[in-house]
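# Descriptive analysis of the structure
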Amino acid sequence: MQVSDMQALKALYFQKHLLNLPPRNPFSCLRFTIICNSRQFHSTRRQHFPNESTALTDAAVQGWTAPSVSDSKRIPSAVRENPSDENTPSKPSAASGNHSNVLGSKGRVYEVTGNGSKKKGKGKSKTVWVCSDCGYDDGQWWGICKQCNGVNTMKQFSEGVERPTRGFDVSETVTRSWLPHESVRAMPTKLTDVNKGINPLSWRIPMSGLFGAEVGRVLGGGLVPGCLVLVGGDPGVGKSTLLLQIAAIVAEGCDMGGPAPVLYVSGEESVEQIGNRADRMRIRTDELFLYASTDVEDILEKAQTLSLRALVIDSIQTVYLRGVTGSAGGLSQVKECTEALLRFAKKTNIPVFLIGHVTKSGEIAGPRVLEHIVDVVLYMEGEKYSSHRLLRSVKNRFGSTDELGVFEMSQSGLQAVSNPSEMFLSEQQSDSEFLAGLAVTVIMDGSRAFLIEIQALCVAGSSVSRQVNGVQAGRAEMIISVLIKQAGLKLQENGVFLNVVSGVSLSETAGDLAVAAAICSSFLEFPLPMGIAFIGEIGLGGEIRTVPRMDKRINTVAKLGYKKCIVPKSAETSLSALDVGDTEIVACRNLKEMINIVFRKR
């Protein structure tokens, strides 16, 4: 047959069959066009149609339908590009809907989407780069993540093989892998039926002893079953020591009807190292179990073998979940691990303690992710060269956030401080020249009242005009100016030095009156008598104003045996009903009246 006859036959076939196809698949013309334009089209026709007058039937054209997951049809041999693949079924499409496969040139399979775009995919997986912190994915590597700006966090994955998907909940899968399945689907419960038969007084887990009472105060009265508690603090402040002591107290269960197992899991230390610390702290509880692991699934599997009363994880930045992108400590890992432990706590009603590392700015690592998930957030604070530790509640769904626990670090662990004011009061001497420039005030930290000492030194002709430690500089300047203007003290030619004992920062205005009394004592060289405290705020007119919680401050002064307390005149009526024992409450209207009462000759 001549070339012209073949071209005529080809045109006749297109006119007869392709233009009259039933509207079965909108991509039929596209598929057949790709086949006709391939370089092996003529040789394929000759092989499948040795008789050149034979044309493709309608059944052959209609038989070319895109195979899908639910369709097991094979590509007809009449339109297959490679004759050696006649008995090979077509590759099913990975997607559903408008996605289909097209056999292209060079034996490659293309995926045609709804808009007609083609995607190569003959057994080759697409390489993607996924951020280990936020899960952002990109088709090429970048030095930083475009979404979270993380440096060197883009990891390589193969699409469809090991690429992690964003939005999936691995933590729920982990907890469901071993937690008992509920036979009856949960339904909404009436509010009146939730706490029916539960005694609110015995609902919390009590903590015995002075140490347990101090921790229980910060937690809001005890440990709530099923709560998730996060403890943060600087490295070396004593977080692991604190939780090891808490685990021992909960395991002993002196006020809970007997001992019960408590599991302490460490991802940073070995079991032997934890045991050595427990021996040094004289912990001999039989029901306290130690385990070293960083796999959350492994930890939860071990926890199901024990009828636990509490679980401790040290720390959340060292554990990981298999299947979650990123290394341990990354944002994705920390969030998924915390959510898995949260579900464990809520489903089993077992309280879980977590230790969280802090950043350079002092915040718990994980940009506020952990604080939003957990029920209670505790911060442990302490000066580097001080043995005292403060346990502060920042978030508490079951109690007040105004509570504060005071401890002292010793060789045998943390000891509760019964009188916190001892931390800030120096050893006072009898009335002498050494007490000149020293005044005592009462500050509030949460619901706790502390007595602190303020020192002042006035030096005539000093080259340094002002030096302030522990007091706000602007506040100190205002008090000095009021003393010059309203009280008539000639402080212009004196250098004034202020200091708060023990490195405390005076952030409230209740200490204004004590600052003024200390400056007057040093300037007049008149020692303040022992057993006197000052509470009040100073205004620009020299008046003394009241401050919040005056009754609690006065009671603290009376309990510590102080003989006299200087207070604002406006608070005299409200304090008259207080039982303060032998403590005398002296009310003053302004600074001049205070100076005449306190600094008069005895």
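Position numbers for residues start from 1 in each chain and track the written sequence from start to end. Note on the predicted model: pLDDT of at least 70 is required for a residue's local features to be given, and 80 or more for side-chain atom pairs to be given and counted; whole-chain, interface and lining totals, by contrast, use all residues. Note that water and hydrogens are dropped before the side-chain values are worked out from all heavy atoms of the structure.

## A few points about the overall build of the protein chain
For the record, the criterion: Strands are runs of DSSP state E lasting at least two residues, helices are runs of H or I lasting at least four, and both sets are numbered from the N terminus onward. For every residue, the accessible area (1.4 Å probe, protein chains only) is compared with the maximum for its type, and the residue is labelled buried under 20%, exposed over 50%, or partly exposed between those bounds. By definition, residues are in contact when any of their heavy atoms lie within 4.5 Å. All accessible areas in this document rest on Shrake-Rupley with a 1.4 Å probe, and a residue is counted as covered only by the protein chains that are shown.
Along the protein chain, the regular secondary structure elements total 17 helices and 24 strands. The buried share of the protein chain, reckoned over its 602 residues, is 46%. Within the protein chain, contacts between residues separated by at least 24 positions form 64% of all contacts whose residues are at least 6 apart in sequence. Put simply, the protein chain shows about 31500 Å² of open surface, and 50% of that area lies on carbon and sulfur atoms.

## What about unusual backbone geometry?
A cis amide bond, omega 5°, links Asp314 with the succeeding residue Ser315. Relative to the elements of secondary structure, Ser315 occurs in the loop between β10 (310–314) and α11 (331–348). Even without glycine at this site, Asn149 takes up a positive phi of about 60°. Positionally, Asn149 belongs in the loop between β5 (137–138) and β6 (154–158). Overall, the relative accessible area of 53% leaves Asn149 in the exposed class. We note that Arg282 has phi near 60°; this positive angle belongs to a residue other than glycine. Relative accessible area serves as the criterion here: at 64%, Arg282 is assigned to the exposed category.

## A short note on the packing of aromatic side chains
Condition: Centres within 6.5 Å are what make two rings of Phe, Tyr or Trp a pair, Trp counting through its six-membered ring; a difference in plane orientation under 30 degrees is then read as stacked, over 60 as edge-to-face, and the rest as tilted.
Enumeration over the complete set of coordinates arrives at two aromatic pairs. Taking 5.4 Å as the distance between ring centres and 55° as the angle between the ring planes, the aromatic pair formed by Phe211 and Phe407 counts as tilted. Placement of Phe211 in helix α7 (residues 209–219) and of Phe407 in strand β14 (residues 404–410) is noted, with a sequence separation of 196 residues between them. Phe211 sits in the buried class, given a relative accessible area of 9%. The interplanar angle of 75° and the centroid separation of 5.7 Å between the aromatic rings of Phe526 and Phe599 together place this pair among those described as edge-to-face. Here Phe526, found in the loop between α14 (512–524) and β20 (532–534), pairs with Phe599, found in the segment after α17 (591–598); they are 73 residues apart in sequence, far enough to count as distant.

## Focus on the environment of Val464
Secondary-structure assignment places Val464 in the loop between β17 (448–460) and β18 (466–469). Residue Val464 is classed as partly exposed on the basis of its relative accessible area of 34%. Considering only alpha carbons, one finds Val464 and Asn494, 30 residues apart in sequence, at a separation of 8.7 Å. Contact partners of Val464, with chain neighbours within four places excluded, come to Gly495 and Phe497.

## Things to note about the packing of helix α13 (residues 473–485) against α14
Convention followed: Here the axes come from fitting lines to C-alpha atoms, over the contacting stretch only for helices, and the angles between their N-to-C directions go from 0 to 180 degrees. These descriptions rest on fixed angle ranges, namely under 35 degrees for roughly parallel, over 145 for roughly antiparallel, 65 to 115 for roughly perpendicular, and the rest for oblique. Crossings are assigned a handedness: left-handed for a near helix turned anticlockwise from the far helix by less than a right angle, right-handed for a clockwise turn. The residue classification treats Ala, Val, Leu, Ile, Met, Phe, Trp, Tyr, Cys and Pro as nonpolar and Asp, Glu, Lys and Arg as charged. All others, Gly included, are polar.
Viewed as axis vectors pointing N to C, α13 and α14 meet at an angle of 55°, and their least axial separation amounts to 10 Å. The orientation of α13 with respect to α14, classified from their angle, is oblique. Between α13 and α14 lies a crossing of right-handed hand. Residues Arg475, Ile479, Ile480 and Leu483 of α13 touch α14, and the partners they reach there are Asp512, Val515, Ala516, Ile519 and Cys520. Of the residues belonging to the contact of α13 with α14, the class tally is seven nonpolar, no polar and two charged.

## What to know about α17
As a reminder, the rule being used: What the arc describes is the spread of directions from the helix axis to the C-beta atoms. Any N or O atom pair separated by 3.5 Å or less is treated as a polar contact, with the protein-specific requirement of one donor-capable and one acceptor-capable atom, and with residues adjacent in sequence counted only for side-chain atom pairs.
For α17, the set of buried residues is Leu591, Met594, Ile595 and Val598. Projected onto a plane normal to the axis of α17, the buried residues spread over an arc of 100° and lie on a single side. Sitting at the amino-terminal end of α17 is Asn590, which places a side-chain oxygen 3.4 Å from the backbone nitrogen of Lys592.

## Remarks on the confidence of the model for the protein chain
As a reminder of what qualifies: A score between 0 and 100, pLDDT records how confident the predictor is in each residue.
Per-residue confidence for the protein chain gives a mean pLDDT of 77; residues scoring 70 or more make up 72%. A low-confidence stretch, residues 23–123 (pLDDT under 50), is modelled with 135 contacts involving residues beyond four sequence positions or located in other chains. In the predicted structure, residues 159–168 sits below a pLDDT of 50 and forms 21 contacts with residues beyond four places in sequence or in another chain.

## Digging into the packing of α7 against helix α8 (residues 239–252)
Between α7 and α8, whose axes approach to 11 Å, the crossing angle comes to 110°. In terms of their interaxial angle, α7 and α8 are classed as roughly perpendicular. Contacts between α7 and α8 involve Phe211, Gly212 and Val215 from the former and Leu242, Gln245, Ile246 and Ile249 from the latter. Here the residues of the contact of α7 with α8 are counted per class, giving five nonpolar, two polar and no charged.

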